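One-letter residues, chain by chain:
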Amino acid sequence: MSQGNVLFFLTGSIACYKACTAISRLTQAGVTVQTVATPAALRFIGPATLEALSGRPVFSDMWESGRALDHIECARQSDLALVCPATGNTINRLAAGLADDLPGALFLAWEHRQKPWWIAPAMNTYMWQHPATQASVARLRSWGVHVIEPAEGLLACGDTGAGRLADPEKIASEVLAALARK
Ligand SMILES: Cc1cc2nc3c(=O)[nH]c(=O)nc-3n(C[C@H](O)[C@H](O)[C@H](O)COP(=O)(O)O)c2cc1C
């Protein structure tokens, strides 16, 4: 029996490879994971990997023929949405209410009063600290979005500071705990 349904968004960060660990842990625990990847995310991780880890084809094109409303249906069926990794771009776009890509459209279509929406940011420390990003994060929090704080440390770009994706094992554990509380 499924332990819950997670809509798992990947956006264009080097940390996409770490998100694969979280997807793997969730599916191993019996969670049904539907992945959604932006075009930028698919430059970091291939659709075959996401399909193999989740057992389902990834959604990446809102306009894909034959699947036009499937993503809305799977959003309806999901218990929790997680954007992992969440780029500065996507965080700022969600906070602006833009809906011209899958994360944005599904964020607006999400039943926020009933179901949690989480983001796990990952980016360069200056991107994370930028007032635009911090204002967007504050705005998303005010709408009830749960933010998994990025960790501090050495970043892929060579800088040191806040912005590393939180430990993917810990992210998966927190999602499992949230699903168990449902
Ligand atoms: C090698 C490389 C690594 C990147 N890593 C990040 C990252 O960790 N976090 C981030 O916010 N943007 C990162 N970017 C920039 C995003 O990929 C870019 O803003 C993109 O438009 C994000 O699109 P999306 O939010 O639709 O996925 C990176 C770009 C490149 C080329």
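For every chain, the first residue of the written sequence is number 1, and numbering continues from 1 onward in sequence order. Where totals are concerned, whole chains, interfaces and linings use all residues; where local detail is concerned, this predicted model gives features only for residues with pLDDT of at least 70, and gives and counts side-chain atom pairs only at 80 or more. Side-chain numbers here rest on the full set of heavy atoms in the structure, without hydrogens or water.

> Explanation requested: the pairing of strand β2 (residues 32-37) in the structure shown.
Residues in a regular strand point their side chains to alternate faces of the sheet. Remark: exposure states derive from per-residue accessible area (1.4 Å probe, protein chains only) relative to the maximum for the residue type, with buried under 20%, exposed over 50%, and partly exposed in between. Only DSSP runs of H or I covering at least 4 residues are called helices, and only runs of E covering at least 2 are called strands; the numbering of each starts at the N terminus. Most of β2 sits inside the fold, with 6 of its 6 residues counted as buried. Neither face of β2 is open: one carries T32, Q34 and V36, the other V33, T35 and A37, and all of them are buried. For two strands to be treated as a pair, DSSP must find no fewer than two bridges joining them. In the sheet, strand β1 (residues 5-10) pairs with β2 via 6 bridges, with the strands oriented parallel. Counterpart to F9 in the pairing with β2 is V36. Here the term right-handed applies to a crossover when the path leading from its first strand over the helix to its second strand runs clockwise, the strands being oriented away from the viewer. Assessed by its sense of winding, the connection that carries the chain from β1 through helix α1 (residues 16-28) to β2 is right-handed.

> Can you walk me through the site of the ligand in this structure?
Close to the ligand lie 14 residues, the nearest being G12, T38, T87, T90 and A122. T38 places a polar side-chain atom, nitrogen or oxygen, 2.6 Å from an oxygen atom of the ligand. With the chains in place, 61% of the 640 Å² that the ligand exposes on its own is no longer accessible. Among the elements that take part in the shell around the ligand, helix α4 (residues 88-96) stands out by supplying 3 residues, more than any other. For this classification, the nonpolar set comprises Ala, Val, Leu, Ile, Met, Phe, Trp, Tyr, Cys and Pro, the charged set comprises Asp, Glu, Lys and Arg, and every other residue, Gly included, is treated as polar. Per-class residue counts for the shell around the ligand are 6 nonpolar, 8 polar and no charged. The cutoff for a nearby residue is simple: one of its non-hydrogen atoms must lie within 4 Å of the molecule or strand. Think of a polar contact as two N or O atoms within 3.5 Å of one another; within protein, one of them needs to be a possible hydrogen donor and the other a possible acceptor, and neighboring residues in sequence only count if both atoms come from side chains. Note on areas: these come from Shrake-Rupley sampling with a 1.4 Å probe, and a residue is covered only by the protein chains present in the view.

> Whenever I open this one, the nonpolar core confuses me. Can you help?
In summary, soluble globular proteins display a tendency toward joint burial of nonpolar side chains. If you look at the biggest cluster of nonpolar residues, it comprises 31 residues, and the most contacted ones within it are F8, L10, L82, C84, I171 and V175. When residues of this core are traced back to their parent elements, those giving at least two are β1, α1, β2, β3 (80-86), β4 (117-121) and α8 (168-181). At 6 residues, the largest contribution of residues to this core is made by α1. Pairs of residues are marked as contacts when any of their non-hydrogen atoms sit within 4.5 Å. The contact partners of F8, leaving out residues within four places of it in the chain, are A19, A22, I23, L26, V33, Q34, T35, V36, L82 and C84. Working definition of a nonpolar core: buried Ala, Val, Leu, Ile, Met, Phe, Trp, Tyr and Cys residues. They are joined through side-chain atoms within 4.5 Å. In this structure, A75, V83, W117 and V137 belong to the second largest nonpolar core, which totals 27 residues.

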